[in-house]
Amino acid sequence: MFPDIAKHLAVCGAAPLFYLTEWFMCIFIRTLSWPLVLRVLDIFFCEGIKVLFRVGLVLLNLAFGSVEKRRRCANLQSITDRLKELPFKLKHEDFIHDVLSLKLNEDDLVREHMLQLSQKPSRSA
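The sections below set out a description of the structure shown in this document. (Residues numbered from 1 in each chain as written. Predicted model: local features only at pLDDT ≥ 70, side-chain atom pairs only at ≥ 80, totals over all residues. Heavy atoms only, no water.)

## Looking at the packing of helix 4 (residues 50-64) against helix 6 (residues 76-84)
Put simply, the rule reads: Each axis is a line fitted through C-alpha atoms, taken for helices only over the stretch in contact, and angles between the N-to-C directions span 0 to 180 degrees. For helices the rule is a DSSP run of H or I covering at least 4 residues; for strands it is a run of E covering at least 2, with both sets numbered from the N terminus onward. Note on convention: near helix rotated counterclockwise from far helix by under a right angle means a left-handed crossing. Clockwise means right-handed. Any pair of residues with heavy atoms lying within 4.5 Å of one another is described as a contacting pair. Under the grouping applied here, Gly and all other residues not named as nonpolar or charged are polar, the nonpolar ones being Ala, Val, Leu, Ile, Met, Phe, Trp, Tyr, Cys and Pro and the charged ones Asp, Glu, Lys and Arg.
Running from N to C, helix 4 and helix 6 cross one another at 120°; their axes reach a closest spacing of 10 Å. The two elements helix 4 and helix 6 meet at a crossing, and its hand is right-handed. For the pair helix 4 and helix 6, the contacting residues are Leu60, Leu62, Ala63 and Phe64 in the first and Ile79, Arg82 and Leu83 in the second. Across the contact of helix 4 with helix 6, the residue classes break down as six nonpolar, no polar and one charged.

Now the structure itself:
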């Protein structure tokens, strides 16, 4: 979805495990305002798990979507700090619009899951 952001995070060593675990386990409660969390939960109950991925992608795009934003976050510490600053001054309706307009379906999730599994190093006994 956002290859420039993915490449930047990978180069800086910011593995998704650093931020996605908290986002998904807490369903963004520690990241978004309460009204936005309720909106995300509402969409989650209607559309399923893909909304969590959409929210995460929109947040990453807001944080690192421009070249200038990526330049300001050139190492793991600055990336971590930026992600802790979330949420920005989000306009609720604009944020939800961005989440809902992001084209992501379950086939995309399955395809990415299979790709990640194929790249995972196998453990030897």
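Back to the write-up after that little detour.
## What to know about the pattern of salt bridges
Under the convention used in this document: Think of a salt bridge as a Lys or Arg side-chain nitrogen and an Asp or Glu carboxyl oxygen that are within 4 Å of each other. Partly exposed describes any residue whose relative accessible area lies between the buried limit of under 20% and the exposed limit of over 50%, with all areas from a 1.4 Å probe on protein chains only and scaled to the type maximum.
The full count for this structure, using the stated rule, is seven salt bridges. The residue Arg30 makes a salt bridge to Glu22 at a minimum N-O spacing of 3.8 Å. A relative accessible area of 61% means that Arg30 is categorised as exposed. The class of Glu22 is partly exposed, set by a relative accessible area of 35%. With its nearest N and O atoms 3.5 Å apart, the salt bridge here joins Arg82 to Glu85. Owing to a relative accessible area of 16%, Arg82 belongs among the buried residues under this scheme. Several salt bridges share partner residues, and in doing so they unite Glu68, Arg71 and Arg72 into one network.

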